[in-house]
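# Per-entry structural report
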Amino acid sequence: STHPTSARGAIGHVRPPRPVPAIRVRHLWHRFAGMDVLRDVSFEVGQGEIFGFIGPNGAGKTTTIRVMTTLLEPMAGRVEIDGLDVTLDPDKVRKLIGYMPDHAGVYDRITVREYLEFFADAFHVESANIVDTVMELTDLKKLQDRLVVTMSKGMKQRLQLARILLHDPKILILDEPASDLDPRARIEIRDLLLELRSLGKTILLSSHILTELADVCTSVGILERGRLVVAGPIHEIAERLQYQQAAVEAGHARPHAQAALPPASTRTGAGGYTPG
């Protein structure tokens, strides 16, 4: 039998349970019209991260996001949001997430306040102050009586963010939130994302330009032709890409994102990025 003190010593070295990732994608496949648009995609997003999902148009980013947000069922693989399977528990998942699609429309002929009050009612939000709180957070209070049709693209993007915050989701999934924004509006969105992270939100945002919001991301995943090229902390990825670029310029490598990177399985452990 084991001596009590040695048992206690062994117990003392047991690692605490690993926190459940905010988003876990495992071996995800999808195809349209006989063509694979996602091929064995795996990655994780840790709690409290801002994860940049980067890739050219057509790489499969929006398809992955639609699976995460319960709008599309995967043909193979599994996606979990805060430990919940998106296919088995879609209603619970929807309460946890705030989803802002690319080029989402807004109702033009109502005011900012009317727009947010409409969606607060639709979400069955009980707090009477939530619309004011969300307008304060997104810096829309001074625009509350303005017709949506008169707003700039940057203001409309902030309004979309305000809308998805009404039910206080834990995880925000934003498809191209900075596309077509002028530099000032991009800075405003960036600052807002940093503030949301400081409030404990986990954020996944997609972009076809790595530099567009790279300064707010804590980690990134790069998707190319339906495959995950690499995923990991932003500083590691930046170093690898700089090394690759230097190699290309020196004539030692072909100009391809994968050329200087080991296979995905060796980079990211069991099929995906594990937050450090």
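All of these numbers come straight from a predicted model, not from anything done at the bench. (Residues numbered from 1 in each chain as written. Predicted model: local features only at pLDDT ≥ 70, side-chain atom pairs only at ≥ 80, totals over all residues. Heavy atoms only, no water.)

### Remarks on the overall build of the chain
Along the backbone of the chain there are nine helices and ten strands. Across the 276 residues that make up the chain, the buried fraction comes to 45%. In the chain, once contacts between residues fewer than 6 apart in sequence are set aside, the share between residues at least 24 apart is 68%. For the chain, the accessible surface area stands at approximately 14300 Å², while carbon and sulfur atoms represent 54% of it. (Helix = DSSP H or I, 4+ residues; strand = E, 2+ residues; numbered from the N terminus. Buried < 20%, exposed > 50% of the residue type's maximum accessible area, 1.4 Å probe, protein only. Contact = heavy atoms within 4.5 Å. Areas by Shrake-Rupley, 256 points an atom, 1.4 Å probe, with all protein chains shown as cover.)

### What to know about the environment of Ile 50
Relative to the assigned elements, Ile 50 resides in strand β3 (residues 50-54). Measuring from C-alpha to C-alpha, the distance between Ile 50 and Leu 193 comes to 8.3 Å, with 143 residues separating the pair along the chain. Setting aside its immediate chain neighbours within four residues, Ile 50 contacts Leu 193, Leu 194, Arg 197, Ile 203, Leu 205, Val 216, Cys 217, Thr 218 and Ser 219.

### Some points on the nonpolar core
Within the largest apolar cluster, 44 residues are counted, with the highest numbers of intra-cluster contacts made by Leu 116, Leu 174 and Leu 205. Sequence-distant contacts of Leu 205, defined by excluding residues within four places in its chain, comprise Ile 50, Phe 51, Gly 52, Phe 53, Leu 174, Pro 177, Leu 193, Leu 213, Val 216 and Cys 217. Residues Val 25, Leu 96, Ile 173 and Leu 228 belong to the second largest nonpolar core, which totals 27 residues. (Core = buried A, V, L, I, M, F, W, Y, C linked by side-chain atoms within 4.5 Å.)

### A look at the environment of Arg 31
Secondary-structure assignment places Arg 31 in strand β1 (residues 23-32). With residues near it in sequence (within four places) discarded, Arg 31 still touches Asp 36, Val 37 and Met 75.

### A word on the packing of aromatic side chains
Tallied over the entire structure, the rule returns nine aromatic pairs. Note on Phe 118 and Phe 119: the rings are 5.1 Å apart at their centroids and 85° apart in plane angle, and the pair reads as edge-to-face. Here the aromatic cluster, defined as three or more aromatic residues joined through ring pairs, consists of Tyr 107, Tyr 115, Phe 118, Phe 119 and Phe 123. Geometry around Phe 119 places Arg 163 over its ring, the cationic atom sitting 5.5 Å from the centre. (Phe/Tyr/Trp six-rings, centres within 6.5 Å; stacked < 30°, edge-to-face > 60°. Lys NZ or Arg CZ within 6 Å of the ring centre and 35° of its normal.)

### Notes on the sheet that holds β3
Read from one edge to the other, the open sheet built from six strands follows the order β6-β7-β8-β3-β9-β10, with strand pairing classed as mixed. Both outer strands of the open sheet, β6 (97-100) and β10 (227-233), are each paired with one neighbouring strand and no more. Going from strand to strand, the sheet's axes swing by 15° on average, the running direction of each strand aside. As paired strands, β6 and strand β7 (residues 171-175) are joined by four bridges and run parallel to one another. Within β7, the residue paired with Ile 97 across the bridge is Ile 171. Each of β9 (219-224) and β10 touches helix α8 (residues 234-249); the most contacted strand, β10, lies at about 120° to it. (Pairing = 2+ DSSP bridges. Axes fitted to C-alpha atoms, helices over the stretch in contact; angles between N-to-C directions.)

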